Amino acid sequence: MTHPILYYAAGACALAVLFPKLRARLRLSRAKHRSLAGHSRMARRFASVVPYYEYDAEHFFRADAAPDHVAAARRAGFMRLAAVFTERFRETADLTDDIVDAVSDLQFTSRYRVPFQFSRFVREHFQAGVFLQSSSGVTVTDMDGNRFYDLTGSYGVNLFGYDFYKECIARGSERVRELGPVLGAYHPITAYNIRRLLEISGLDEISFHMSGTEAVMQAVRLARYHTGRSHLVRFCGAYHGWWGDVQPGVGNPMAQGDTYTLQEMDDATIKVLRTRRDIACVLVNPLQALHPNISAPGDSTLVDSGRRAHFDRAAYSAWLGKLREVCSERGIVLIFDEVFVGFRLSLRGAQEYFGVKADMVTYGKTVAGGLPVGVLCGRRQFMRRFRDDRPADICFARGTFNSHPYVMGAMSEFLKHIESEPVLRLYRDLDTVWNFRAQTLNERLQSAGLPVRVANLSSIWTICYQQPSRYNWMFQYYLRAAGLALSWVGTGRLIFSLNYTDADFSDVCDAMVSAAHAMQEDGWWWASPQLTNKSIRRGVLKEMLQARWLSPIGSMSSPRIR
Ligand SMILES: Cc1ncc(COP(=O)(O)O)c(C=O)c1O
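Small disclaimer: the values here were computed from a predicted structure and weren't measured. (Residues numbered from 1 in each chain as written. Predicted model: local features only at pLDDT ≥ 70, side-chain atom pairs only at ≥ 80, totals over all residues. Heavy atoms only, no water.)

Caption draft 1: Spotlight on the overall build of the protein. Secondary structure summary: the protein contains 20 helices and 14 strands in total. Taking 24 Å as the expected radius of gyration for a compact globule of 562 residues, we find that the protein reaches 25 Å, a close match to that expectation. Sorting the 562 residues of the protein into buried and exposed places 52% on the buried side. Within the protein, contacts between residues separated by at least 24 positions form 77% of all contacts whose residues are at least 6 apart in sequence. Summed over all atoms, the accessible surface of the protein reaches about 25600 Å², with 56% contributed by carbon and sulfur. The positive charge centre, built from 68 side chains, and the negative charge centre, built from 55, are 9 Å apart in the protein. (Helix = DSSP H or I, 4+ residues; strand = E, 2+ residues; numbered from the N terminus. Rg over C-alpha atoms; globule rule 2.2 N^0.38 Å. Buried < 20%, exposed > 50% of the residue type's maximum accessible area, 1.4 Å probe, protein only. Contact = heavy atoms within 4.5 Å. Areas by Shrake-Rupley, 256 points an atom, 1.4 Å probe, with all protein chains shown as cover. Lys, Arg positive; Asp, Glu negative; His and termini not counted. Charge placed at Lys NZ, Arg CZ, Asp CG, Glu CD.)

See the structure below:
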């Protein structure tokens with residue numbers, strides 16, 4: 001007798017053959033990454049039902065069911081570290097306290113430094129503050145006079161060292177001083193910037209904007225205008241700024257109907273690009289080569305030790321080659337968003353580094369010598385904002401501060417000096433230097449028996465954890481106490497400037513190893529055969545279900561729900 005499931009399968013096949021729309025829909029589904037990040041609507045729905053709960057002072061130290069003596073060691077270590085913070089960062093923390101209630105951005109970043117169950121207790125004890133008063137070489141100094149090795153890279157802006165940018169800004173300001181803040185007209189220095197950026201990008205036309213987000217918006221808008229198609233394709237996990245269309249999932253209050261979020265480095269995506277007719281452009285952030293399909297690895301999502309990263313240059317180059325081929329074949333605009341990696345991977349950016357040409361490239365961050373900017377370069381056929389044969393059909397884009405003389409001045413200094421011998425020396429053997437440094441640190445961590453490793457894409461690093469733990473996010477506080485400044489995403493993203501010498505780097509290694517030792521000694525990486533990444537994730541899910549559907553639990557060893 002034929003099993004009924006076969007009838008259903010036959011029916012489904014018939015439908016797929018009969019209805020091309022259904023087939024296209026299935027193809028699209030297959031090209032989505034299986035994670036929540038690959039399904040933006042579902043992710044938003046899930047995010048909207050995750051309940052708030054937090055650990056009380058008892059459960060905080062044994063969320064992994066560690067025995068009493070381990071919880072006691074953790075508590076002692078936590079309080080010791082908190083005392084160091086209170087003593088060392090007093091003035092910086094006090095001024096931060098004065099303003100935090102008025103600054104929504106600060107409230108957000110301080111809340112989302114660690115997983116939310118731990119967040120309040122951590123905030124109550126670790127007040128490091130957000131103020132810095134100076135920078136020099138590869139260090140920054142806070143209001144209390146503490147110097148830190150800077151691993152924030154100023155969100156990626158700082159490529160050649162803060163002193164380089166101070167010089168760009170000072171010399172650039174001097175060059176445009178006579179014109180001052182006149183907008184609309186261009187300072188003549190702008191012509192040099194245009195020539196240089198078109199040379200670097202190998203493209204035909206350019207537009208200037210105030211931020212990377214705006215440059216991306218303009219690229220996508222023009223792609224839609226010229227192709228007459230509605231949809232943009234972005235890849236799962238990739239960040240392209242905070243404009244709604246490129247950030248369709250959690251974090252965006254609206255669903256984005258004209259965005260497809262597809263799986264990167266996957267042939268199912270190529271099939272979608274090859275067959276659909278509604279795709280205007282494909283947006284690539286080459287930083288994702290370090291962790292394809294995974295969102296920026298912030299410590300607030302460090303629930304277990306599942307963070308993975310590995311860079312394979314040959315594989316990613318091959319992937320970009322495939323994208324190039326299908327985009328050319330289908331008239332889809334291929335956009336490289338090099339706001340982060342432009343100039344960092346090589347002088348001519350990701351196009352040169354991966355050996356693939358894009359139709360449009362966005363730059364930002366570092367390219368204005370330390371001042372705010374976004375740049376779009378593109379092929380002439382995609383950059384025009386009007387049509388010769390239909391004068392009313394235009395693609396509008398302006399911006400009050402675009403091509404601001406001071407930004408253009410600092411940019412011209414940046415573009416001039418990146419061809420100078422000292423800077424070219426920094427680019428020489430760039431990957432060899434940074435891969436060797438990563439390897440050296442990993443060998444030290446390994447020989448010291450510490451469950452921490454780094455993965456890197458050139459000078460962009462991420463810390464991975466080798467042993468299942470609920471407490472990896474604590475590492476950011478040990479690192480700060482050891483003199484390393486991280487950005488609010490914590491250990492997920494370390495950005496080095498290229499002016500780190502071997503001696504500077506060796507100090508950073510010492511600090512990381514000693515911080516990891518301290519954290520290990522304080523018991524945070526306690527291991528047990530029952531403690532696996534899977535068991536941790538299951539446990540957290542159970543807590544969420546309890547918090548959502550059961551009444552508050554009284555026991556001190558259970559999560560307290562508020
Ligand atoms: C790849 C990429 N695109 C766009 C942006 C947005 O740039 P901005 O913050 O200047 O708006 C960023 C910022 O981090 C980025 O990394």
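Caption draft 2: The arrangement of the site of the ligand in detail. Around the ligand sit S211, G212, T213, Y239, H240, G241, N285, D337, V339, F340 and K365, and those are all the residues in its vicinity. Contact between the ligand and T213: an oxygen atom at 2.6 Å from a side-chain N or O atom of the residue. For the ligand, a nitrogen atom lies 2.6 Å from a polar atom in the side chain of D337. Within the complex, 82% of the 390 Å² of free accessible area of the ligand lies under protein. (Near = heavy atom within 4 Å. Polar contact = N/O pair within 3.5 Å; in protein donor to acceptor, adjacent residues only side chain to side chain.)

Caption draft 3: Fine view of the sheet that holds strand 14 (residues 494-495). One open sheet accounts for three strands, arranged 11-12-14; its pairing is antiparallel. Among the strands making up the open sheet, the edge pair consists of strand 11 (452-457) and strand 14. In the sheet, strand 12 (residues 460-465) pairs with strand 14 via two bridges, with the strands oriented antiparallel. Within strand 14, the residue paired with I460 across the bridge is I495. Those strands touched by helix 17 (residues 430-447) are strand 11 and strand 12, and its axis lies near 170° from that of strand 11. (Pairing = 2+ DSSP bridges. Axes fitted to C-alpha atoms, helices over the stretch in contact; angles between N-to-C directions.)

Caption draft 4: Quick look at unusual backbone geometry. Positioned with a positive phi, S403 is a non-glycine residue whose angle comes to about 60°. The residue S403 is located in the loop between helix 14 (380-383) and helix 15 (405-417) in this model. Exposure remark for S403: the relative accessible area of 8% places this residue in the buried category. Located in the positive-phi region is D429, a residue other than glycine, with phi close to 50°. On the secondary structure map, D429 appears in the loop between helix 16 (421-427) and helix 17. In this structure D429 comes out as exposed when scored by relative accessible area, which is 52%.

Caption draft 5: Broad picture of the packing of aromatic side chains. Scanning the model with the defined rule gives 49 aromatic pairs in all. With centroids separated by 5.7 Å and ring planes inclined at 65°, the aromatic side chains of W461 and F505 adopt a geometry described as edge-to-face. Pair noted here: W461 is in strand 12 and F505 is in helix 19 (residues 502-521), with a separation of 44 residues, a long-range link. The ring of Y225 carries the charged tip of R387 above its face, separated from the ring centre by 4.0 Å. Sitting above the plane of the W434 ring, R437 keeps its charged end 4.7 Å from the centroid. (Phe/Tyr/Trp six-rings, centres within 6.5 Å; stacked < 30°, edge-to-face > 60°. Lys NZ or Arg CZ within 6 Å of the ring centre and 35° of its normal.)

Caption draft 6: Representation of a nonpolar patch on the surface within the structure. The grouping of L36, M42, F46 and V49 at the surface amounts to a nonpolar patch, some 320 Å² of accessible area in total. Following the sequence through the fold, F46 ends up in helix 3 (residues 40-49). (Patch = residues over 30% accessible without salt bridge, like charges linked within 9 Å, V, L, I, M, F, W, Y side chains within 5 Å. Salt bridge = Lys/Arg side-chain N within 4 Å of Asp/Glu carboxyl O.)

Caption draft 7: Inspection of the packing of helix 9 (residues 189-201) against helix 15 at higher detail. Running from N to C, helix 9 and helix 15 cross one another at 45°; their axes reach a closest spacing of 9 Å. Relative to helix 15, the element helix 9 lies oblique. Helix-helix and strand crossings are classified by hand; for helix 9 and helix 15 the assignment is left-handed. Here I189, T190, Y192, N193, R196, L197 and I200 of helix 9 lie close against helix 15, whose contacting residues are M408, G409, M411, S412, L415 and K416. Within the contact of helix 9 with helix 15, the residues separate by chemical class into seven nonpolar, four polar and two charged. (Parallel < 35°, antiparallel > 145°, perpendicular 65-115°, else oblique. Left-handed = near helix turned anticlockwise from the far one by under 90°. Nonpolar A, V, L, I, M, F, W, Y, C, P; charged D, E, K, R; others polar.)

Caption draft 8: Local environment of a negative patch on the surface. On the surface, a cluster of negative charge is contributed by E91, D94, D97, D98 and D101. Its place among the elements puts D98 in helix 5 (residues 90-100).

Caption draft 9: Region of the structure containing the pairing of strand 11. Of all six residues making up strand 11, six are buried, and the element is well covered by its neighbours. Here strand 11 shows two buried faces, one formed by V452, V454 and N456 and the other by R453, A455 and L457. As judged from the six bridges shared by strand 11 and strand 12, these two strands associate in the antiparallel manner. Looking at the pairing, L457 lines up with I460 of strand 12. Where strand 11 folds back onto strand 12 in an antiparallel hairpin, the turn is made up of two residues, including S458, whose phi is positive at roughly 55°.

Caption draft 10: Broad picture of the packing of helix 11 (residues 267-275) against helix 12 (residues 313-330). Following both chains from N to C, one finds helix 11 and helix 12 inclined at 15°, their axes separated by 9 Å at the closest point. In terms of axis orientation, helix 11 runs roughly parallel to helix 12. Our pair here, helix 11 against helix 12, has a crossing hand that is right-handed. Taken together, the residues of helix 12 that come into contact with helix 11 (itself represented by D267, T269, I270, L273, R274 and T275) are W319, K322, L323, E325, V326, E329 and R330.

Caption draft 11: Geometry of the pattern of salt bridges. Under the criterion given, the structure shown has 32 salt bridges. When the shortest N-O distance is used, the salt bridge between R120 and E54 registers 2.9 Å. Here R120 is found in helix 7 (residues 116-125), whereas its partner E54 is found in the loop between helix 3 and helix 4 (68-88), with 66 residues between them in sequence. In this structure, the salt-bridge partner of E413 is K416, at a minimum N-O distance of 3.5 Å. Taken together, the residues span about one helical turn, with E413 and K416 both in helix 15 at a distance of three residues. A relative accessible area of 2% means that E413 is categorised as buried. With a relative accessible area of 39%, K416 lands in the partly exposed category.

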